[in-house]
Amino acid sequence: MRQYIAPIALALACAGSAHAQPVFDSPSPTAGSDTSKQANEMADKAMYKPVEYANAAKRGPALVVIPGEVKSNNASFTQKYGPNNIADYAELELGKANFKILERSDMGPLLNEFTLAYTMGDPSAARKLLQKGKFKTTKYVVKFDILKAEQVAQAQQGFDGRAVGKLLGVFGAFSGSMGGAQAGAVGETVVGSVQTQENTGVWIIGMRYKIIDANTTEQVATGYTEEKMELGAKGSSVMGVSSGASGGLTLDSMVQRLVQKNVWEIDSKYK
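Residues numbered from 1 in each chain as written. Predicted model: local features only at pLDDT ≥ 70, side-chain atom pairs only at ≥ 80, totals over all residues. Heavy atoms only, no water.

1. Notes on the overall build of the protein
Moving on, step 1. Of regular secondary structure, the protein possesses 10 helices and 6 strands.
Moving on, step 2. The long-range fraction of contacts in the protein, counting pairs at least 24 apart against all pairs at least 6 apart in sequence, stands at 75%.
Moving on, step 3. In the form shown here, the protein has an accessible surface area of approximately 16,400 Å², with 57% of it arising from carbon and sulfur atoms. (Helix = DSSP H or I, 4+ residues; strand = E, 2+ residues; numbered from the N terminus. Contact = heavy atoms within 4.5 Å. Areas by Shrake-Rupley, 256 points an atom, 1.4 Å probe, with all protein chains shown as cover.)

Structure, rendered in C-alpha cells:
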C-alpha cells in the first residue's frame, strides 16, 4: 500500500506547486545581510497594495480614460510623468473596480481628436466624435490630472563630534597628570570621530478626477485628493565604522495611490 501512497502524495505536491505564484531569489551579493533586511523592509512598505473596492461586485458602465494633464510646475515631476502614465494606472484600477474599460489603443486617432477638442473647449466637436466607432457605447469619459506636486517641509539634524573631542583633549592636557592627558587624547579621538546626520523632506501631491458625460460632454462629477510623500536619509560614523539608510515613496507609487483613492470614490458614488 505504501508503494502507491508515495507517488500519489508526490503528484499532489507537484500539482499544488504548479499553481503557486513564482518566487524569485535576489542575485545581490548582500542578500540576507543586515543592510539587505533593512532595505527590504523599507521597500515592502512602498510595494503595490491592492484596494478592496466596495462595489467591485457590481458591473460599472463603459468608460474611456483620456490622458490628463500634469499642471505642477515642479520640473522633476513633469520630466518623469506624462499624461499617459497616469491614465495607465487609472485603467488598471478602474478595471479592478469592475468598470468596463474601452482600450485607448483600439480607438486610434479618434481618441486624440476627442481629447484635443475637449481640452480646447470645443464641446460640439467633441460631442460629434463621441457618436463614432466604439465611443457610441461609452457612458463616461474620465480624466485624472495632477494639480500639485511641491515640497512643503524639510528638516535636518546632526552631530559633529570634532569640537567636543578637541575640548576633551584640552581638558586632558591641562589636567596636570599623564593619565589625564592620555584619557583626554583617547576621548578626543573617539568623540571626534562621531558624525551623525539626518534629513527629512515632505512633499504634497494632489490629484483631481473629472467624470464627463459621453453624450453631452458635460461634467458629471469631480473630486480631489492629496497625499504626503516623505523622503528621508540618515547616516552615522564612529571610529571609521559607518552606517546609513535612505528611502521613501517614489513618484510612481504616489501617483498610483492617488489614483486608487480617486477610483475608490468613483466606485462608491458613480456606478
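2. Points about the nonpolar core
Moving on, step 1. Core analysis: the biggest nonpolar cluster contains 32 residues, and Leu 63, Ile 86, Leu 94, Phe 144, Met 207 and Val 259 have the highest contact counts within it.
Moving on, step 2. Listed by contribution, the elements that provide at least two residues to this core are β1 (62-66), α4 (83-96), β3 (140-160), β4 (195-213), β5 (219-238) and α10 (251-269).
Moving on, step 3. When residues in this core are grouped by element, the largest group, 7 residues, is from α10.
Moving on, step 4. Membership of the second largest hydrophobic core comes to 9 residues, among which are Ile 66, Ala 117, Ala 126 and Ile 212. (Core = buried A, V, L, I, M, F, W, Y, C linked by side-chain atoms within 4.5 Å. Buried < 20%, exposed > 50% of the residue type's maximum accessible area, 1.4 Å probe, protein only.)

3. A few points about the environment of Gly 201
Moving on, step 1. Topologically, Gly 201 is positioned in strand β4.
Moving on, step 2. The class of Gly 201 is buried, set by a relative accessible area of 7%.
Moving on, step 3. Distance from Gly 201 to Met 229, taken between C-alpha atoms, is 8.3 Å for residues 28 residues apart in sequence.
Moving on, step 4. Residues within four places of Gly 201 in sequence aside, it is in contact with Gln 151, Ala 153, Gln 154, Met 229, Glu 230 and Leu 231.

4. So, the packing of aromatic side chains
Moving on, step 1. The full count for this structure, using the stated rule, is 0 aromatic pairs.
Moving on, step 2. Between Lys 271 and the ring centre of Phe 99, over which it is positioned, the NZ or CZ distance is 5.0 Å. (Phe/Tyr/Trp six-rings, centres within 6.5 Å; stacked < 30°, edge-to-face > 60°. Lys NZ or Arg CZ within 6 Å of the ring centre and 35° of its normal.)

5. Things to note about the environment of Asp 252
Moving on, step 1. Topologically, Asp 252 is positioned in helix α10.
Moving on, step 2. As for Asp 252 and Tyr 89, which are separated by 163 residues in sequence, their C-alpha atoms are 9.5 Å apart.

6. A word on unusual backbone geometry
Moving on, step 1. Backbone geometry places Asn 98, a non-glycine residue, at a positive phi of 75°.
Moving on, step 2. Topologically, Asn 98 is positioned in the loop between α4 and β2 (100-101).

7. Notes on the pattern of salt bridges
Moving on, step 1. Scanning all chains against the criterion turns up 7 salt bridges.
Moving on, step 2. Among the ionic pairs, Lys 271 bridges to Asp 267, the shortest N-O distance being 2.9 Å.
Moving on, step 3. With relative accessibility at 0%, the residue Asp 267 sits in the buried group.
Moving on, step 4. Residues participating in the shared-partner salt-bridge network are Glu 69, Lys 143, Asp 145 and Arg 208. (Salt bridge = Lys/Arg side-chain N within 4 Å of Asp/Glu carboxyl O.)

8. Quick notes on the confidence of the model for the protein
Moving on, step 1. Of all residues in the protein, 62% attain a pLDDT of 70 or more, and the chain-wide mean is 75.
Moving on, step 2. Highest mean pLDDT in the protein belongs to α10 (93); lowest belongs to helix α9 (residues 178-192) (49).
Moving on, step 3. The model gives residues 167-172 a pLDDT under 50, and that stretch makes 9 contacts with residues more than four places away or in other chains. (pLDDT = per-residue confidence, 0-100.)

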